[in-house]
Amino acid sequence: MVVYHKRFLLWWGLGLFLCKLGSRRQLDYQFASDGTEVLENLNRLAGTAQVSSPVNQTLEYFLKKIDTGSLASLRQKMVQRLIRMKALDPARLQGRFLVLIDGSGYLVFGQRHCDACLTQRHGETTVYMHQVLEAKLLGPGETVISIATEFIDNHDVQAASKGASQEQVKQDCELKALRRLLARLRAEFPQVRICLGGDGLHACGEGFQIAKDYKCDFIYTFQPGRLPALWQEFQGLLRLCPEQQVVWMTPQGVRQVYRWVNGLRYTDSDGRDWSFHAILCTETKPDGSVSEWSWVTSLDVSHQTVVEVATRGGRARWRIENEGFNTQKNSGLNLEHAYSHRCWASYYYLLQIAHLLLQLVEKGSLLLHLAQEQGQRSALELYGSLKNMAQRLLDSLRYRHWPDEVFDRAGAVPIQIRLDSS
Ligand SMILES: [Zn+2]
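Trainee: Explain the packing of aromatic side chains to me, and be specific about the residues and the numbers.
Mentor: Inspection of the entire model under this criterion finds 18 aromatic pairs. An angle of 70° between the planes, with centres 5.5 Å apart, marks the rings of W231 and F234 as edge-to-face. Here the residue W231 and the residue F234 both occupy positions in helix α9 (residues 228-240), the gap between them amounting to three residues, near one helical turn. Between Y339 and Y347 the ring centres are 5.9 Å apart and the planes differ by 10°, which places this aromatic pair in the stacked class. Summarising the burial analysis for this pair, Y339 and Y347 share the class buried. Chaining the aromatic ring pairs together yields one cluster made of F208, F218, Y220, Y266, W274 and F276. The ring of W293 is capped by R315, whose NZ or CZ atom sits 4.2 Å from the centre of that ring.

Trainee: Quick one: what's the story with the coordination of the zinc ion, residue by residue and with numbers?
Mentor: Coordination sphere of the zinc ion, protein contribution only: H113 (ND1), C114 (SG), C117 (SG) and H130 (NE2), at 2.0 to 2.3 Å. If you look at the zinc ion, its four donor atoms make angles of 93 to 128° with each other, and the shape they trace is tetrahedral. Mapped onto the sequence, the donors of the zinc ion take the spacing H-C-x2-C-x12-H. Pair noted here: H113 is in the loop between β1 (97-109) and β2 (118-122) and H130 is in strand β3 (residues 125-138), with a separation of 17 residues, a long-range link. The exposure class assigned to H113 is buried, which follows from its relative accessible area of 19%.

Trainee: Would you mind going over a nonpolar patch on the surface in detail, with residue names and values included?
Mentor: A cluster of nonpolar side chains, namely L366, I415 and I417, defines an oily patch on the protein surface of about 250 Å² accessible area. Within the element layout of this structure, I417 appears in the segment after α16 (409-412).

Trainee: Report on the packing of helix α5 (residues 68-84) against helix α12 (residues 344-363), specifying residues and quantitative values.
Mentor: Running from N to C, α5 and α12 point in directions that differ by 20°, and their axes come no closer than 9 Å. With respect to α12, the element α5 is oriented roughly parallel. When you trace α5 past α12, the crossing you get is left-handed. Packed against α5, whose contacting residues are T68, L71, A72, L74, R75, M78, V79 and L82, the element α12 presents A345, S346, Y349, L350, Q352, I353, L356, L357 and L360 at the interface.

Trainee: Give a description of the pattern of salt bridges that names residues and reports values.
Mentor: Overall, the coordinates contain 18 salt bridges when judged by the stated rule. Taking the shortest distance from any N to any O, the salt bridge between R179 and D213 comes out at 2.9 Å. Taken together, the residues span a long stretch of sequence, with R179 in helix α7 (residues 166-188) and D213 in helix α8 (residues 205-213) at a distance of 34 residues. Exposure remark for D213: the relative accessible area of 36% places this residue in the partly exposed category. Put simply, D268 and R272 hold a salt bridge, and the shortest N to O gap is 2.7 Å. Taking relative accessible area as the criterion, D268 reaches 6% and is therefore assigned buried. We classify R272 as partly exposed; its relative accessible area is 24%. Each of E40, R44 and D404 takes part in one network of salt bridges that share partners.

Trainee: Quick one: what's the story with empty space enclosed by the protein, residue by residue and with numbers?
Mentor: Tallied over the full model, the rule gives four cavities of 30 Å³ or more. Approximately 70 Å³ is the volume attributed to the largest cavity. In terms of lining residues, the largest cavity is bounded by Y106, L107, L335, H337, Y339, S340, W344, Y347, Y348 and L351. Mapped onto the lining of the largest cavity, the elements with two or more residues apiece are β1 and α12. Taken together, the residues that form the lining of the largest cavity break down as eight nonpolar, two polar and no charged. Estimates place the volume of the second largest cavity at around 50 Å³. Lining the second largest cavity we find A116, C117, L118, M129, H130, Q131, F151, I152, D153 and W344. Taken together, the elements giving at least two residues each to the lining of the second largest cavity come down to β3 and β4 (144-152). Take the lining of the second largest cavity: its biggest share by element is three residues, from β3. For the lining of the second largest cavity, a count of residues per class yields seven nonpolar, two polar and one charged.

Trainee: Please give an account of the side chain of Q244 that cites residues and values.
Mentor: Mapped onto the elements, Q244 comes out in the loop between α9 and β7 (245-249). Only 2.8 Å separates the side chain of Q244 from the backbone oxygen of W260, close enough to count as a polar contact.

Trainee: Describe α8, naming the residues involved and giving the relevant values.
Mentor: Among all positions in α8, only G205, G207, F208, Q209, I210 and A211 are buried. As for α8, its buried residues are in contact with α7, β5 (194-198), β6 (217-221), β8 (255-267), β9 (273-284) and β10 (290-297). After α8 finishes, the residue K215 shows a positive phi value of roughly 55°.

Trainee: So what's going on with the environment of R392? Which residues, and what values?
Mentor: Note on placement: R392 falls in helix α15 (residues 386-399). By relative accessible area, R392 is classed as exposed at 51%. Residues R392 and F218, spaced 174 residues apart in sequence, show a C-alpha to C-alpha distance of 41 Å.

Trainee: With reference to specific residues and values, describe unusual backbone geometry.
Mentor: The phi torsion at K86 lies on the positive side, around 65°, for a residue other than glycine. Note on placement: K86 falls in the loop between α5 and β1. Phi angles above zero are rare outside glycine, and E142 is one such case at about 65°. Mapped onto the elements of the fold, E142 is located in the loop between β3 and β4.

What counts as what
Residues numbered from 1 in each chain as written. Predicted model: local features only at pLDDT ≥ 70, side-chain atom pairs only at ≥ 80, totals over all residues. Heavy atoms only, no water. Phe/Tyr/Trp six-rings, centres within 6.5 Å; stacked < 30°, edge-to-face > 60°. Helix = DSSP H or I, 4+ residues; strand = E, 2+ residues; numbered from the N terminus. Buried < 20%, exposed > 50% of the residue type's maximum accessible area, 1.4 Å probe, protein only. Lys NZ or Arg CZ within 6 Å of the ring centre and 35° of its normal. Donors = N, O, S within 2.8 Å, 3.2 Å for Na, K, Ca; no water. Tetrahedral: all angles 85-135°; square planar, octahedral: opposite > 155°, others 65-115°. Patch = residues over 30% accessible without salt bridge, like charges linked within 9 Å, V, L, I, M, F, W, Y side chains within 5 Å. Areas by Shrake-Rupley, 256 points an atom, 1.4 Å probe, with all protein chains shown as cover. Salt bridge = Lys/Arg side-chain N within 4 Å of Asp/Glu carboxyl O. Axes fitted to C-alpha atoms, helices over the stretch in contact; angles between N-to-C directions. Parallel < 35°, antiparallel > 145°, perpendicular 65-115°, else oblique. Left-handed = near helix turned anticlockwise from the far one by under 90°. Contact = heavy atoms within 4.5 Å. 1 Å grid on protein atoms, 1.4 Å probe; cavity = no way out; pocket = protein on both sides within 12 Å on 5 of 7 lines; lining within 4 Å. Points joined across faces, edges and corners; volume = space filled by probe spheres on them. Nonpolar A, V, L, I, M, F, W, Y, C, P; charged D, E, K, R; others polar. Polar contact = N/O pair within 3.5 Å; in protein donor to acceptor, adjacent residues only side chain to side chain.

In structure tokens, the structure reads:
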């Protein structure tokens, strides 16, 4: 019997995502040891001395044995490290890290696949799915870092009140999951100053209470339809303070008018009183089209801060969709692929950890310098695509005996990966 060290199996499993192999079976083909340097390179990376390669079932067996909590705590240690070394500091907004909250369905099956599946009817057919609520920290240089994960399952739906609309059930489930998520996030990162970024669903009594309970600031989308009476009051108050306005022309020639009200008061359905600031941004494009955006926030809003809060806080929301979920679904990380029917949560964490490592490589300063030396503006430009970068990594892992100096910890100390976009 061959015994594999857990460090080796962990690197082997991360390799699935780092090299964007797309499916677990590919590990057996692409990471085969015969005639390649794979085993030797991974051994040195993991500090192990395995004499043969595992098969993908070995990884499955290992993940079944370990708890997802240990993978979550590995992610926590990595993020803690980045925070402690201040690598993420350039992205702070009023001293806080912006942590975007968003849910996404990511596994969909034609048949019930486990007890926890959520069900959704589409006409005659029923689909079974798994949903996840993510907290992603917006880092510098367009990095989006997963820092807390909560799986939403049918226990949340069953607990929702009878007769509630689908929209209410969705809101109820996500807010319950958010409370669990923040309890864990606060246990893991007790001191970190956080501003939660949420959509209109979070702008409600429970959304404000959760932020308060877990000592977070917030910036939530203010949707007129969700809080109609408060929206009316906001419009009325805006007319009373015309001097609270900043006009901003973007480099693309978009004219943005920011108006705001400080200390807007709101009593929620449970009789709790809240006070926060509200911002309205009216945007006119060079072609004359007009759009409106608004948010409620506990961050400081004034002539000096309104543009920054709205652009870096409010409008950054698309980044969780775009650079978070979409990248994980479409860049070869294959978020929506069922890597396993039993250990799907473990593969989810492995993907998040690998994506963090990939972003340090793809968006960090080391490859940027290399690209600049070759007359290119970014690592992406140097390699042509993220897929090509993963292919190069796989080529290197397979055919290159990585030089000893890359494993020299003392020698690595002076090397810094910077993420500032400037
Ligand atoms: Zn299931």
